[in-house]
Amino acid sequence: MQAYGEQRSEQASTHFYYPDSISINMEPNSESWLSCIRCGQKYDISRRKYICDRCHGLLEVKHSIPDHFTAEGFSGVWHYAPLIHPAMGNTRIISRGEGGTALYSHESVSKFTGLSSLGMKHEGENPTGSFKDRGMTVAVTEALRLGATETICASTGNTSASAASYSALAGIRSNVLIPSGNISSSKLSQAIAYGARIIDIPGDFDMAMSNVIRIAESRQDYYVLNSINPWRIEGQKTIFFEIMERLRDCRFIALPAGNLGNTSAAGKAIREFKELGLIDDIPKIISVQAEGASPFYNLWAGAGEKLEPVRASTIASAIRIGNPVNWEKAIREIRYTGGMVVTVTDREIMEAKRVVDRSGIGCEPASAASVAGLKKLVDQGRIDRNDSAVAVLTGNILKDTASILEDSDRIPVDAFMQELAA
Ligand code: F0G
């Protein structure tokens, strides 16, 4: 058996949690490698690679199956270390205790969707307020292990906030490319506050992303923290591990889809739990896109085999993406699980958000797309009301507040006093 010792030894003596000095020791009796999803070409994990040299396919991390799957003494993401990075050896990890988020249910939201009981996995409860932290703890740990001195990412906001926080903890400078004027001020403020260098792109997310890919090709010293980095996917798998462990009979898992990293992570997690014999039935992935930013839906619903980029437009700025980098992984996972891709209008997203917010749970607009998508499929009779389903709420309610303020009913104090006197 591997030794998982050493973790939090310093905390034990001082009562403090040092997010930059936790170490995990996995005896490398297991093996990991990078593999091209198109041609199967293998690469050593000591290389900083995201795309196959031979055929330009996306790379994924593969592991030899470990003899057990949890790391004792850890909670959250690193609890699953043997399924994320079993060959990491004795490594310093950068962790803020991400993961282990609540799985809520609330009658008003279930009723809204038409489901008898809907689960909501609240990823907004992660340290920087979104699911990105689960991937970031792994990718930034990897950046350290590989000796990177700079990190870089493109972002609609949440990735930049998370990348900036974790890079700061690791003592690595972060560079974030953002679509100028097209990003929520709360998310941008986070990235600025954590000390990232902000690079304004006079265009959309897709333009920022293509710049990052171009820079990564020529500059090995800039470590990419977008979900094209296969280690991000490894960390994000744990959302779905947690859901499957809590809800053995889960039939549908719905999530908002932008760059499609999370859809890819869902499929990889499900596939691995199935291979380990930890589940019998495979939950189906429901990937939900905003109608104005739905190239993945077009691919899934149409006859073509290749994603056609679109110019994206939606109120849900987190998923305003027209050329998602992970589409090839994601379509494979939707097909593997027998899942579906669905679109929802901005109105449907904001209706769902209002219900989630008013329940007291709350989420950012993009996150509510998962609830809106489930409602649509129940209305259409493609999901039965008694099916067990989970919507992933990907971001915190405070991540994108402009739409809330626009929609608020405030009354002057005089009117309030009159009402009290009446
Ligand atoms: N929900 C939220 C709140 C997000 O921030 C994102 C992506 C998604 C859903 C979509 O996930 O890209 O894995 O399909 N945000 C990225 C960013 C693009 O830069 O923060 P995906």
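Notes on the structure follow. Everything numeric in this text was worked out from a predicted model, so none of it was measured. (Residues numbered from 1 in each chain as written. Predicted model: local features only at pLDDT ≥ 70, side-chain atom pairs only at ≥ 80, totals over all residues.)

**Some details on the site of the ligand**
Around the ligand, the structure places 22 residues, and the nearest of them are Ser155, Gly258, Asn259, Thr394 and Gly395. Those elements that provide at least two residues to the shell around the ligand are helix H5 (158-170), helix H9 (261-275) and helix H13 (365-379). Sorting elements by how many residues they give to the shell around the ligand places H9 first, with three residues. The class makeup of the residues in the shell around the ligand is six nonpolar, 15 polar and one charged. (Near = placed C-beta within 6 Å. Helix = DSSP H or I, 4+ residues; strand = E, 2+ residues; numbered from the N terminus. Nonpolar A, V, L, I, M, F, W, Y, C, P; charged D, E, K, R; others polar.)

**So, the sheet that holds strand S2 (residues 32-36)**
Read from one edge of the open sheet, three strands run S3-S2-S4, paired in antiparallel fashion. Only two strands of the sheet have a single neighbouring strand rather than two, namely strand S3 (42-43) and strand S4 (59-63). Across five bridges, the pairing between S2 and S4 is antiparallel. Note on S4: the bridge partner recorded for Ser35 is Glu60. (Pairing = 2+ DSSP bridges.)

**As for the sheet that holds strand S14 (residues 340-344)**
An order of S6-S7-S15-S12-S13-S14 is seen for the six strands of this open sheet, with the pairing classed as mixed. The open sheet is flanked by strand S6 (103-104) and S14, the only strands paired with a single partner.

**A closer look at the pairing of strand S10 (residues 197-201)**
Strand direction decides the pairing type here: strand S9 (residues 173-179) and S10, joined by five bridges, are parallel. Among the inter-strand pairings, Ile178 is bridged to a residue of S10, identified as Asp200. Handedness of the S9-helix H6 (residues 185-193)-S10 crossover: right-handed. (Right-handed = clockwise from strand over helix to strand, strands pointing away.)

**A closer look at the nonpolar core**
Counting residues in hydrophobic clusters, the biggest one holds 125 residues, and the most contacted among them are Phe240, Ile253, Ala254, Ile286, Phe296, Ala369 and Leu374. It is H13 that contributes the most residues to this core, eight residues altogether. Not counting residues up to four positions away in its chain, the partners in contact with Ile286 are Phe252, Ile253, Ala254, Gly339, Met340, Val342, Gly373, Leu374 and Leu377. (Core = buried A, V, L, I, M, F, W, Y, C linked by C-beta atoms within 7 Å. Buried ≥ 20, exposed ≤ 12 C-beta atoms within 10 Å, placed from the backbone. Contact = placed C-beta atoms within 7 Å.)

**A few points about the packing of helix H4 (residues 132-145) against helix H8 (residues 230-246)**
As a packed pair, H4 and H8 sit with axes 7 Å apart at the nearest point and diverge in direction by 145°. Considering the relative orientation of H4 and H8, their crossing is right-handed. In this structure, H4 contributes Arg134, Gly135, Thr137, Val138, Ala139 and Glu142 to the contact, and H8 contributes Trp231, Arg232, Ile233, Glu234, Gly235, Gln236, Thr238 and Ile239. The residue inventory of the contact of H4 with H8, partitioned by class, reads five nonpolar, five polar and four charged. (Axes fitted to C-alpha atoms, helices over the stretch in contact; angles between N-to-C directions. Left-handed = near helix turned anticlockwise from the far one by under 90°.)

**Here we look at H5**
In a regular helix each residue adds 1.5 Å, so 13 residues correspond to 18 Å; H5 covers 18 Å between its end C-alpha atoms and thus fits that length. Here H5 lies mainly inside the structure; twelve of its 13 residues are buried. Burial in H5 covers these residues: Asn158, Thr159, Ser160, Ala161, Ser162, Ala163, Ala164, Ser165, Tyr166, Ser167, Leu169 and Ala170. For H5, the elements touching its buried residues are H4, strand S8 (150-154), S9 and H6. Downstream of H5 by one or two residues, Gly171 has phi in the positive range, about 75°. (Expected span 1.5 Å × (residues − 1).)

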